[in-house]
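Overview (structure and organization)
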Amino acid sequence: MMLEEVLQRISEQAKRKRMSLPDHKTKIVCTIGPASRSRETLSRMLLAGMNVARLNLSHGSFDEHRENIRNIRTAAEDTGLPVTILLDLPGPKIRIGDLAYEPLELHKGETVTLTTTPASSDPSRIPVDFDQFPQLVSEGSTIFLNDGFLQLQVDEVAENEVRATVVIGGPLLSRKGMSLVGGGGIVALSAVTDRDLECIEFGLAEGLDTFSISFIERAEDILKAREYAARSGKSIKVIAKIERQEALANLDEILRETDGVMIARGDLGVQTPIEEVPAVQKRIIQKANILGRPAITATQMLMSMTDNIRPTRAEVTDVANAILDGTDAVMLSEETSIGKYPVETVAMMAKIARSTEEKRSLVGAGCSPLDYFRRGKGREEITVNDVVSLNVIEALDALGIHYVLTPTRSGSTPRNISRFKPGAWILAFTRNPSTFKFLAFSYGVSPFLIRSEKEYWHGAILDSIRDSGLISPGERVVLTEGVSPGREGTDSLIILTVD
Ligand SMILES: Nc1ncnc2c1ncn2[C@@H]1O[C@H](COP(=O)(O)OP(=O)(O)O)[C@@H](O)[C@H]1O
Ligand SMILES: C=C(OP(=O)(O)O)C(=O)O
Ligand SMILES: [K+]
Ligand SMILES: [Mg+2]
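For clarity, every value in this text was computed on a predicted model and none was experimentally measured.

What counts and what doesn't
- Residues numbered from 1 in each chain as written.
- Chains lettered and ligands numbered in written order.
- Predicted model: local features only at pLDDT ≥ 70, side-chain atom pairs only at ≥ 80, totals over all residues.
- Heavy atoms only, no water.
- Helix = DSSP H or I, 4+ residues; strand = E, 2+ residues; numbered from the N terminus.
- Salt bridge = Lys/Arg side-chain N within 4 Å of Asp/Glu carboxyl O.
- Buried < 20%, exposed > 50% of the residue type's maximum accessible area, 1.4 Å probe, protein only.
- Expected span 1.5 Å × (residues − 1).
- Contact = heavy atoms within 4.5 Å.
- Near = heavy atom within 4 Å.
- Polar contact = N/O pair within 3.5 Å; in protein donor to acceptor, adjacent residues only side chain to side chain.
- Areas by Shrake-Rupley, 256 points an atom, 1.4 Å probe, with all protein chains shown as cover.
- Nonpolar A, V, L, I, M, F, W, Y, C, P; charged D, E, K, R; others polar.
- Domains from an automatic or database assignment.
- Buried area = accessible area lost by both parts, 1.4 Å probe.
- Donors = N, O, S within 2.8 Å, 3.2 Å for Na, K, Ca; no water.
- pLDDT = per-residue confidence, 0-100.
- Axes fitted to C-alpha atoms, helices over the stretch in contact; angles between N-to-C directions.
- Left-handed = near helix turned anticlockwise from the far one by under 90°.

**A closer look at unusual backbone geometry**
Glycine aside, residues mostly have negative phi angles, and peptide bonds mostly take the trans form. In this structure, the amide linkage connecting Glu 102 to the following residue, Pro 103, adopts the cis form with an omega of -5 degrees. Looking at the element boundaries, Pro 103 is found in the loop between strand S3 (84–88) and strand S4 (104–106). The phi angle at Asn 146 is positive, at roughly 50 degrees, despite the residue not being glycine. Mapping Asn 146 onto the fold places it in the loop between strand S7 (142–145) and strand S8 (150–157). Phi is positive for Arg 175, close to 60 degrees, though the residue is something other than glycine.

**As for the pattern of salt bridges**
Counted according to the given criterion, the structure contains 31 salt bridges. A salt bridge links Glu 40 to Arg 44; the shortest N-O distance between them is 3.8 Å. Here Glu 40 pairs with Arg 44, and both are found in helix H2 (residues 39–48), just four residues apart, close to one helical turn. The residue Glu 453 makes a salt bridge to Arg 409 at a minimum N-O spacing of 2.8 Å. Of this pair, Glu 453 sits in the loop between strand S19 (445–449) and helix H19 (458–468) while Arg 409 is found in the loop between strand S17 (403–407) and helix H17 (412–418), placing the two residues 44 residues apart along the sequence. Judged by its relative accessible area of 32%, Arg 409 falls in the partly exposed class.

**Notes on helix H16 (residues 384–399)**
Here H16 is 16 residues long and its end C-alpha atoms lie 22 Å apart, about the 22 Å a rise of 1.5 Å per residue gives. Contact partners of the buried residues in H16: helix H15 (369–374), S17, H17, strand S20 (476–481) and strand S21 (492–497).

**A few points about the site of ligand 2**
The full set of residues close to ligand 2 is Arg 54, Asn 56, Lys 241, Glu 243, Met 262, Ala 264, Arg 265, Gly 266, Asp 267, Thr 299 and Met 331. The contact in question runs from an oxygen atom of ligand 2 to an N or O atom on the side chain of Glu 243, over 3.0 Å. For ligand 2, an oxygen atom lies 2.5 Å from a polar atom in the side chain of Thr 299. Coverage of ligand 2 by the protein chains reaches 90% of its 290 Å² of free accessible surface. Going through the elements one at a time, strand S2 (52–56), strand S14 (260–264) and helix H9 (265–271) are the ones with two or more residues in the shell around ligand 2. With three residues, H9 is the single largest residue contributor to the shell around ligand 2. Class assignment for the residues of the shell around ligand 2 results in three nonpolar, three polar and five charged.

**Points about the domain arrangement of the chain**
Taken domain by domain, the chain comprises domain 1 (3–92 + 191–360), domain 2 (104–180) and domain 3 (369–497). Computed from C-alpha atoms alone, the centre-to-centre distance between domain 1 and domain 2 is 29 Å. Contacts between the two partners involve 11 residues from domain 1, matched on the other side by 10 residues from domain 2. Summed over both sides, the interface of domain 1 with domain 2 buries roughly 690 Å², with 50% coming from carbon and sulfur. Run the count over domain 1 and domain 2 and you get one salt bridge. Residue Glu 334 is joined to Lys 176 by a salt bridge in which the shortest nitrogen-to-oxygen separation is 3.5 Å. The interface formed by domain 1 and domain 2 contains one residue pair in polar contact (both at pLDDT 80 or more). Sort the elements by how many residues they give to the side of domain 1 that touches domain 2 and H9 lands first, with four residues. Residue composition of the side of domain 1 that touches domain 2, by class: three nonpolar, six polar and two charged.

**Some thoughts on the site of ligand 1**
Contacts to ligand 1 come from 16 residues, most closely from Arg 54, Asn 56, Arg 95, Lys 176 and Ser 337. With respect to ligand 1, the side chain of Lys 176 contributes an N or O atom lying 2.6 Å from an oxygen atom. When ligand 1 is considered free in solution it has 530 Å² of accessible area, and contact with the protein chains removes 88% of it. Of all the elements in the fold, those that place two or more residues in the shell around ligand 1 are S2, helix H3 (62–79) and helix H12 (334–337). For the shell around ligand 1, the residue count by class is four nonpolar, six polar and six charged.

**Examining the side chain of Thr 327**
Considering the arrangement of structural elements, one finds Thr 327 in the loop between helix H11 (313–325) and strand S16 (329–332). Polar side-chain contacts of Thr 327 include one of 3.2 Å to the backbone oxygen of Ala 295. Polar side-chain contacts of Thr 327 include one of 2.7 Å to the side chain of Thr 297. Contacts of Thr 327, omitting those with residues within four sequence positions, involve Ile 285, Ala 295, Ile 296, Thr 297 and Ala 322.

**Let's talk about the coordination of the magnesium ion (ligand 4)**
Coordination sphere of the magnesium ion (ligand 4), protein contribution only: Glu 243 (OE) and Asp 267 (OD), at 2.0 to 2.1 Å. The two metals, the magnesium ion (ligand 4) and the potassium ion (ligand 3), are separated by 5.8 Å. With Glu 243 in the loop between strand S13 (237–242) and helix H7 (245–249) and Asp 267 in helix H9, this residue pair connects regions lying 24 residues apart in the sequence. Each of the two residues, Glu 243 as well as Asp 267, counts as buried.

**A closer look at the confidence of the model for the chain**
Per-residue confidence for the chain gives a mean pLDDT of 93; residues scoring 70 or more make up 95%. Prediction confidence for the complex, expressed as pTM and ipTM, is 0.91 and 0.99 respectively.

**Thoughts on the packing of H3 against helix H5 (residues 194–205)**
Their axes nearest at 12 Å, the elements H3 and H5 cross at an angle of 35 degrees. For the pair H3 and H5, the sense of crossing is right-handed. Counting all contacts with H3, which are made through Phe 62, His 65, Arg 66 and Ile 69, the residues of H5 involved are Arg 195, Glu 198, Cys 199 and Phe 202.

Next comes the structure, spelled out in structure tokens:
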């Protein structure tokens, strides 16, 4: 069905007040900005599946956001669909100020001046909204802008300005965030700043009660926000944005205190090693699920749709994987706030969600090969080799063993162990060059080409391992058996200690 037909159908159903449930269960949070703040676009986004409208108070004035709130509420009335408004607090992050012209194109190698004095019309001077910024950097410091998409290196620091060379260029927009190497760029204030308290007051006055706290450090930050609201006799709902190292260290206490959690992958990916983001996402979602706190996975989910009508396969897969991880909600940022296709992006998100949810039981948790065998499925077809590989996994787990030694002709024994993705290395010994080459594709398998039939004997394998120095004496290993001359297939395992 075409987008317009879908929107039409939902709109008619909602207007006739017929009870109809959305066709996706994953909640969709959309950041509202210049590209989406009109009543018309907001209505279309609601029809396409938006559940929560997020206003990022780091951008725009209270007047602008007041109007956004009015438009969002009107759109909900117009479509007959529910909406929740989430106010995202700025937090203690240093940002650049308003640029005279935007986007400001920064080119590799050119010099720019970051200034804490009010902006001039000189486009090479970038205003910074924090007076003490020059004290935070020194010659040679690296500055990341816009979640690390742009990179500068500091050449010179003066009282009110910092001169820097562009290392990675690109377009820069007003009020983009700044991060300093080593996790800086967050002012050493409480995560809930005076400005944040003003924002809470603004929200409460607008009849809103749901706030996301940026750069939260510890549970106390949430209490500070709650206590502030309590002074006006109000109770608020808090989403803790996990986007810095300290929050990861204090994750358990934060999760206990918060109403919901956001994996704020944009800042998290500059404040902590970017390669750790996927595992951190899974860990936060799992902990939040255990406590029954809703989790929002945020940032760059369908990023390329900011400019293109179709997402990349990697992005579609990212959304699906977050859902399979157990996220409650997925979030859109640039895609809907400044993107060219806000409605299409929401519709795409909804489509991915529906499809992934339908297939969860086939591809989600509990669907690994190990689960398959342990549930006893396909028992009629189970082979001796399957049983041996399962026993290898049991032995590795139970005894904390780090290496499996597998003599193999076809490669099936190491592959059958590898399918369970054990933590141990699988060292495979084969005479067959083709088997040796093809084992390059298997997870955790390190193949060795041996020269003669007698090297298949486990005594010979142990000798070569001992000589290689790969495994230290005293280390316990699992060795599979059966390839030895005169025997076919792997039918046993032995556990021994390298001497
Ligand atoms: N109310 C707004 N007015 C103007 N631009 C906005 C607004 N909200 C968001 N944006 C733009 O969308 C981008 C992505 O939104 P978001 O991820 O919430 O911001 P950020 O990473 O800057 O905190 C922002 O950096 C900004 O360029
Ligand atoms: C959601 C995030 O926060 P913000 O967009 O406000 O920087 C993030 O950093 O991923
Ligand atoms: K924010
Ligand atoms: Mg952030």
